[in-house]
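The primary structure of each chain is shown beneath.
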Amino acid sequence: MAGHSHSSNIKHRKALVDSKRSKLWGKLSKAIIVAAQLGGGDPDANSRLRTAIVDAKAVSLPKDNIERAIKKGIGELGGESFEEVLYEGYGPGGIAILCEITTDNRNRTAPEIRKLFEINEGKLGPTNCVSYMFDRKGLVIISAASATEDRVMEAALDAGADDVKLVGDSYEITCSPDKYISLGEALENSKFEIQSKQIARIPQSTVDVDDPETARKVLAFIEELDDHDDVQSVSSNYNIPDEIMATIGSA
């Protein structure tokens, strides 16, 4: 999930995760199945599978679930065959939205996602209508209270990070996707307080949403998309100023 500041929205998503752990586990299992389908069941030889397992372990997906998902992916247990689809379009206030989908039935999923766009004042668009506005990056969020900026900067850059930014009470650290696992491991070994990490589509620029009602619609829409079983991730280029977020929070 991207938009507002990355750290604020990842915290928002974490709150949802706490109450919807089984749904998250299902999505992570799908990611493992697809990775194994595409590249085999050996994480040492399949970097995508290795990343999916790291993400699954980060939210305590049980080992048995991980092993079962790998076996499904390589065909040992049979089951569904998933495909990946990227839906893109626009939301309230003209914000850009990307939905990464993993589905076993595109004919079911497509109208459901289209309907969510329609009822939330959005519109699906053609391929690459907004995806060119985003860069795919590894993203690690660290609590600013856990270390000084100089220490975080030094450790992150030494581990291959592209950029380190202080945003609110968190450091946002980005890297190329191929550095994602090694960067995360290096920061964990440095004993920083890691709040979240993921491969994300990060907007090259943002659109300010400075109307409280539009901001509420944006957040509600993102949450509805994120809650859909077939949606693996949602990215957007909105930025809700702090004063508007405060208005929403106190409403």
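Residues numbered from 1 in each chain as written. Predicted model: local features only at pLDDT ≥ 70, side-chain atom pairs only at ≥ 80, totals over all residues. Heavy atoms only, no water.

On to the pairing of strand β1 (residues 83-90). It is a general feature of regular strands that their side chains alternate between the two faces of the sheet. Bridging between β1 and strand β2 (residues 96-103) involves eight bridges; their strand directions are antiparallel. Looking at the pairing, E83 lines up with T103 of β2. If you look at the hairpin formed by β1 and β2, you'll find five residues sitting between the two strands, and G93 has a positive phi there, around 75°. With two bridges connecting them, β1 and strand β3 (residues 123-124) associate as antiparallel partners. Across the sheet, the residue bridging to G89 is L124, located in β3. (Pairing = 2+ DSSP bridges. Helix = DSSP H or I, 4+ residues; strand = E, 2+ residues; numbered from the N terminus.)

Taking 1.5 Å of rise per residue, 14 residues should cover 20 Å, and helix α5 (residues 106-119) covers 20 Å from first to last C-alpha, within 8% of that figure. Taken residue by residue, α5 has T109, I113, L116 and F117 as its buried positions. Here the buried residues of α5 occupy an arc of 100° about the axis, which is enough to place them on one side. Across from the buried face of α5, at angles greater than 90 degrees, the exposed residues are N107, E118 and I119. Among the structural elements, β1, β2, β3, α8 (212-227) and β9 (231-236) are those in contact with the buried residues of α5. For α5, the N-terminal cap is N105; the gap from its side-chain oxygen to the backbone nitrogen of N107 is 3.1 Å. (Expected span 1.5 Å × (residues − 1). Buried < 20%, exposed > 50% of the residue type's maximum accessible area, 1.4 Å probe, protein only. Arc of directions from axis to C-beta. Contact = heavy atoms within 4.5 Å. Polar contact = N/O pair within 3.5 Å; in protein donor to acceptor, adjacent residues only side chain to side chain.)

So, about the environment of D226. One can find D226 in helix α8. For D226, a relative accessible area of 9% gives the class buried. For the pair D226 and K197, spaced 29 residues apart in sequence, the C-alpha to C-alpha distance is 17 Å.

Most of β2 sits inside the fold, with seven of its eight residues counted as buried. Across five bridges, the pairing between β2 and β9 is antiparallel. Looking at β9, one finds that I97 is bridged to S236.

What follows concerns the side chain of K30. Turning to its location among the elements, K30 is positioned in helix α2 (residues 21-39). Filtering out sequence-adjacent residues up to four positions away, K30 remains in contact with F82, T102, D229, D230 and Q232.

Within this structure, the stated rule accounts for eleven salt bridges. A salt bridge links E83 to R106; its shortest N-O distance comes to 2.9 Å. Taken together, the residues span a long stretch of sequence, with E83 in strand β1 and R106 in helix α5 at a distance of 23 residues. Between K197 and E188 there is a salt bridge, with the nearest N and O atoms lying 2.8 Å from each other. A residue is classified by how much of its surface remains accessible, and E188, at 40% relative accessible area, is partly exposed. (Salt bridge = Lys/Arg side-chain N within 4 Å of Asp/Glu carboxyl O.)

Two aromatic rings, taken as a pair, are described by how far apart their centres are and by the angle between their planes. Per the stated rule, a full pass over the model turns up one aromatic pair. An angle of 85° between the planes, with centres 5.1 Å apart, marks the rings of F117 and F221 as edge-to-face. Taken together, the residues F117 in helix α5 and F221 in helix α8 connect sequence positions 104 residues apart. Of the two residues examined, F117 and F221, each falls in the buried class. (Phe/Tyr/Trp six-rings, centres within 6.5 Å; stacked < 30°, edge-to-face > 60°.)

Further remarks concern a negative patch on the surface. Together, D208, D210, D211, D242 and E243 make up a negatively charged patch on the protein surface. Within the fold, D211 resides in the loop between β8 (207-208) and α8. (Patch = residues over 30% accessible without salt bridge, like charges linked within 9 Å, V, L, I, M, F, W, Y side chains within 5 Å. Areas by Shrake-Rupley, 256 points an atom, 1.4 Å probe, with all protein chains shown as cover. Lys, Arg positive; Asp, Glu negative; His and termini not counted. Charge placed at Lys NZ, Arg CZ, Asp CG, Glu CD.)

Moving on, we come to the environment of D229. Within the fold, D229 resides in the loop between α8 and β9. Judged by its relative accessible area of 46%, D229 falls in the partly exposed class. Setting aside its immediate chain neighbours within four residues, D229 contacts K23, K27 and K30. A distance of 2.5 Å separates polar atoms of two side chains, one belonging to D229 and the other to K23.

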